[in-house]
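Residues per chain are reported as follows:
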Amino acid sequence: MAEAKKTAAKKPAKVSKRKTTSAKKTKRTKTKITKTRAKIAQVVKPVEKKKRAERVVTARHKRVAEKAQIRVAVAPETEPEVERMRITDVSSVVYDDPEYKSMVDMYDSTIKDIKEGEIVNGTVLGVTRDDVIVDVGFKSEGIIPIGEFPTPLNVKVGDAIDVYLEQIEDANGQLILSKQKADFMRVWDKIREIHDSGEEVTGSVVRRIKGGLVVDVMGVDAFLPGSQVALRQVPDFDALINQELRLKIIKVNKARRNIVVSRRVVLEEERDTMREKLLGEIAVGQVRQGVVKNITDFGVFIDLGGVDGLLHITDMSWGRIRHPSEMVGLSDKIDVKILDIDDKTSRISLGLKQMTPYPWENIEDKYPIGKKVTGRVVSITDYGAFVELEKGIEGLIHISEMSWSQHIKHPSKIMNVNDSVEAVVLSVDKENEKISLGIKQMEPDPWQTIDQKYPIGKVIAGKVRNLTAFGAFVELEEGIDGLVHISDMSWTRRIQHPSELLKKGDRVEVKVVKIDHENRRISLGIKQLTEDPWNDIAKKYAVGTDCLGTITKVLDRGVVVDLDNRVEGFVPAAQLGSKELSDPTGVFSEGEQIPLQVIEFDRHLHKIVLSVAAYYKKRERAELEEFLTRHPAGTSKPIADAMPEELKKQSAESETAGEPASPESSGDSEEVASADESSPQEGQDEAEDKETTE
C-alpha cells in the first residue's frame, strides 16, 4: 500500500472555530458500499492513479483489525466472515482491487435474492404470545401470526422453516410471510395428484368449526363438512378431535387454498363392499351377531357388518315392552335371527324373540279352564286389565268379570299396574293368543242365594245410593242394589222425580217386589208398605161426584188438582169451562181451588179425570159467568155453548140413559198416566245401562 503524503495548505483568512470544524468534516470522504460496482469504481478510480506505494496503518486500524479477528474466531463456521468497520476507519484509505473485490463479495453473500410468490427458507428469531419472528435474509424480519402454526406449537428459536413470501413491503415497510401458504404450496402437487386418482389419505382432526371439522392433511388444513363425517349424524363432534381418520379429497381450489375432504365416501365404499359380500352369504333363518346402531320408538337398527337390519319392537320379546331401550343399549352386541330379506330394497327383518321357544305352545295344557292362576297387572284399559301370567303369556280380566254385584266404572278403582292378582281361567284361544280371566269367580256368587236372603215381600232397610229420573237405587248390602221405580213410591201421588220424596244418603224402608236372576236385578217398592187405598177412593170419587180440588200444577194441556190431600186428579184444558181456552197457563194458578165433577175413574191405572164444565152444567148461568170472569179466556157464553159438542152429546146420552157424561178429552188424561204405565223393570234396565256407560 502506498504511503499517504501530508500536504500543507495555505492558511486563509482567520475563521471561527465552528467553520473550521465544518470544513474538516467536509473534507472527509464517506465511502458507500452498494450492490452496483460501477459506483464503487468511480469513487476509487482517482485514488488508483496516484499509485501510492504504502498504506498508512495507524494504531486505531490495528485495534479494529484485532477485534475483527476475534469475532471471526468465535463466530460459527457457517456464518460468512465479514470484517466490520466504520466509515471513519476507511477515511483516506485506498484499497487495491483484490481487497475491494473481496469486500464486495462478502457483502453480497449476506443479502439473498428473493422474489414475491416464492417459498423461501428462514430462521426463527423469536416466538411471542401472538407471533413468530422469522429472518429470511432480507433487510427486515417477517412476522407470522402464531395461529398459522399447529397446536401445540412445534417451532423454537433457531429452527429453520419454509415460509411463503407474499409481499416484500407493505404500507408499513413490513415483510409479509405465511407459513400456511408455504405448507399448501409444498404439498399442492401431491394433493392434486391424490384428488385426481381418488386415493385415500389420512388426516388428524385438529379442531371443530362451524359446519364441520378442520383436519390436518399432509401438514395443511382441510375442511371436513359435518355431513361427510359419518354415514349418520354424529351427536358429538368434539369426541373426534385428535383422532386419525381415513379420508378422500373431494374438492380442491388452489386459488383459495381450499381443500374439502370426506370420510363418508370412504365408509360408503366399505359398506357397499361388505354389503355385497354379506348379501351373498345371508339367508332367512340364519342367526348372526350384530351391533346395536340406533334405537327408535318402533324398533332397533342392527349393523350386521355392512348391512343394517331392523329389529321391530314386536319381534323383541314374547312379552310386553314399552320401549326397545328396556332390552338393549347402543353398541350392544346381540344375536338375532334373519326373518325376511327384501330382494328389491335389500331390507332385512330381524327377530330376537324367535331365539326362544314359542310360549303359546301347549297352552291348553298349561292353563286349563277353571285353573286358579297368579299374575302381575301390566296394563289397564277402560274395558279391563291385562295380567302377565309368564313371559309372553297375558290374560284379560274384563270389567264384567271383576265383581258379582258392584258396578265398577273403571278397573283402576280396584287394581293398579304391577299389582299381583289371583284369577280363574275362563277361556283359552291359542290361535288368537288370548286368555280370558276372572277374579269374581274366586268368591261364591251371591245371586245364587239371593232368594233365601231377600225373599219377595220382605221388608228391609237400605241406603239411597243414587237418584235417577225414573227411580232411586237403594243399597241393601255391599254390592247389592235394588231399584224403587217412581211408580212404586206412592199409591196416590204422581211422582215426577224421586227427589220429591227421597234424598241421596237417606235411610228408607222398602219391600222386595221382584227378583230377576237372569239380569241380576231386584225391584223394590215403598208404596207396598201400606195398603192400596184405591178401594176407598173408588167409592168416594165415583163418576158424577162433585168435589173441590186444589190446583197443584198448571200444564199447557190442563191442570193437576189435589183432592182432600189424598189423591190427585187431572182436568183437561177443554174441561175448564171455556171452549176458547186452549192453554190454561196464565189463566189458572197453583193453590187455587176450583169446583169439579168426576167424569172418569180408572182404578187399575189409578186415574181420575175431572171437569169444571160438567160441574156448571146443571147450575145457574150466573155462576158460570162469574167463574169465567175470574178466568177470562174469551167472550162469555152460556154453559151449553161453552161445553164441547162431544161433551154435549155424551151429556145428552147420559141423561137419557141415566149415566154421567164422559169428558171430551179423556185421551188427554192418558198422558197423565203414562208415567205409571212405564215398567219398573225397564227403568232399572235403563238405569244400570247408564251407570255402566258412565
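Look up a bit, the structure's there.
I will try to describe carefully the structure that is included in this document. Predicted, not measured: the structure shown is a model, and the values here were computed from it. (Residues numbered from 1 in each chain as written. Predicted model: local features only at pLDDT ≥ 70, side-chain atom pairs only at ≥ 80, totals over all residues. Heavy atoms only, no water.)

### Digging into the overall build of the protein chain
- When its secondary structure is counted, the protein chain shows 16 helices and 30 strands.
- Counting only contacts in the protein chain whose residues sit at least 6 apart along the sequence, the fraction spanning at least 24 positions is 62%.
- In the form shown here, the protein chain has an accessible surface area of approximately 41300 Å², with 48% of it arising from carbon and sulfur atoms. (Helix = DSSP H or I, 4+ residues; strand = E, 2+ residues; numbered from the N terminus. Contact = heavy atoms within 4.5 Å. Areas by Shrake-Rupley, 256 points an atom, 1.4 Å probe, with all protein chains shown as cover.)

### Things to note about helix H5 (residues 179–197)
- The end-to-end C-alpha separation of H5 is 27 Å, in line with the 27 Å expected for 19 residues at 1.5 Å each.
- The largest bend in H5 comes to about 50°, at Val187.
- Those residues of H5 not exposed but buried are Lys179, Lys181, Ala182, Asp183, Phe184, Val187, Trp188, Ile191 and Ile194.
- Residue Ser178 occupies the N-cap position of H5, its side-chain oxygen lying 3.2 Å from the main-chain nitrogen of Lys181. (Expected span 1.5 Å × (residues − 1). Bend = angle between axes of the 7 residues up to and from the residue. Buried < 20%, exposed > 50% of the residue type's maximum accessible area, 1.4 Å probe, protein only. Polar contact = N/O pair within 3.5 Å; in protein donor to acceptor, adjacent residues only side chain to side chain.)

### Quick look at the sheet that holds strand S1 (residues 119–127)
- As summarised here, the arrangement of the five strands in space is S3-S2-S1-S4-S5, forming an open sheet in which the pairing is antiparallel. Single-partner strands in this sheet number two, and they are strand S3 (142–145) and strand S5 (176–178). Averaged over all neighbouring strand pairs, the angle between strand axes comes to 50°, with direction disregarded.
- Note: S1 against strand S4 (residues 160–167), five bridges, orientation antiparallel. From the neighbouring strand, Asn121 faces S4, where its bridge partner is Asp162. (Pairing = 2+ DSSP bridges. Axes fitted to C-alpha atoms, helices over the stretch in contact; angles between N-to-C directions.)

### Regarding the sheet that holds strand S21 (residues 459–468)
- With mixed pairing, the five strands of this closed barrel are ordered in space as S21-S22-S23-S25-S24. Within the sheet, the average angular offset between the axes of one strand and its neighbour, ignoring direction, is 50°.
- When S21 meets strand S22 (residues 471–477), the two strands line up antiparallel, connected through five bridges. Bridged to Thr468 within S22 is Gly471.

### Overview of the pairing of strand S7 (residues 212–217)
- Within S7, five of the six residues are buried, which leaves the element mostly enclosed by the surrounding structure.
- Examined bridge by bridge, strand S6 (residues 200–209) and S7 share five bridges and lie antiparallel to one another. Across the sheet, residue Arg207 finds its bridge partner in S7, namely Val214.
- In this structure, the hairpin formed by S6 and S7 is closed by a connection of two residues, where Gly211 is found at a positive phi of approximately 95°.
- The sheet contact formed by S7 and strand S8 (residues 220–225) spans six bridges and is antiparallel.

### Focus on the pattern of salt bridges
- With the rule as written, the count across this model stands at 20 salt bridges.
- With a shortest N-O distance of 3.9 Å, Arg208 and Asp238 are connected by a salt bridge. On the criterion of sequence distance, the pair formed by Arg208 in strand S6 and Asp238 in the loop between S8 and strand S9 (244–253) is long-range, its members being 30 residues apart.
- With relative accessibility at 45%, the residue Arg208 sits in the partly exposed group.
- According to the relative accessible area criterion, Asp238 is partly exposed, its value standing at 43%.
- Measuring nitrogen to oxygen at the nearest pair gives 2.8 Å for the salt bridge that ties Lys248 to Glu269. Pair noted here: Lys248 is in strand S9 and Glu269 is in helix H6 (residues 264–281), with a separation of 21 residues, a long-range link. (Salt bridge = Lys/Arg side-chain N within 4 Å of Asp/Glu carboxyl O.)

### Examining the pairing of S6
- Of the strand pairs in this sheet, S6 and S9 are connected by five bridges, and their pairing is antiparallel. In the sheet register, Val201 faces S9, and the bridge partner there is Leu247.

### Points about the nonpolar core
- Tyr541, Val561, Ile594, Ile608 and Leu610 are the most contacted members of the largest nonpolar core, which has 26 residues in total.
- For this core, the elements supplying multiple residues, two or more each, are helix H9 (534–540), strand S26 (546–555), strand S27 (558–563), strand S28 (567–572), strand S29 (593–602), strand S30 (607–611), helix H10 (612–616) and helix H11 (621–630).
- Per element, the largest residue contribution to this core is four residues, and it comes from S29.
- Excluding its chain neighbours within four sequence positions, the residues that come into contact with Leu610 are Cys547, Val561, Leu563, Gly569, Phe570, Val571, Pro572, Gln575, Leu596, Gln597, Val598 and Ile599.
- Formed by 24 residues, the second largest nonpolar core is a distinct cluster that contains Trp188, Val215, Leu240 and Leu247. (Core = buried A, V, L, I, M, F, W, Y, C linked by side-chain atoms within 4.5 Å.)

### Thoughts on the environment of Thr585
- Note that Thr585 resides in the loop between S28 and S29.
- In this structure, the C-alpha to C-alpha distance between Thr585 and Arg557, residues 28 residues apart in sequence, is 8.8 Å.
- Those residues in contact with Thr585 that lie beyond four places of it in its chain are Val554, Leu555 and Asp556.
- Polar contacts involving the side chain of Thr585 include one to the side chain of Asp583, which spans 2.9 Å.

### Remarks on the packing of aromatic side chains
- Going through the model one piece at a time under the given rule, you end up with seven aromatic pairs.
- Ring geometry for Phe298 versus Phe301: centroids 6.3 Å apart, planes at 85°, classification edge-to-face.
- Assessed through its relative accessible area of 24%, Phe301 is described here as partly exposed.
- Both rings, one in Phe588 and one in Phe627, keep their centres 6.2 Å apart while their planes meet at 40°; by these two values the pair is tilted. In this pair, Phe588 sits in the loop between S28 and S29 while Phe627 sits in helix H11, placing the two residues 39 residues apart along the sequence. Just as Phe588 is buried, Phe627 falls in that class too.
- Three or more aromatic residues joined by ring pairs form one cluster here, namely Phe588, Tyr615, Tyr616 and Phe627. (Phe/Tyr/Trp six-rings, centres within 6.5 Å; stacked < 30°, edge-to-face > 60°.)

### Some words on unusual backbone geometry
- Within the chain, Asn362 stands out as a residue other than glycine whose phi angle is a positive 55°.
- Note on placement: Asn362 falls in the loop between strand S15 (348–351) and helix H7 (363–366).
- One non-glycine residue, His606, lies in the positive phi region at around 55°.

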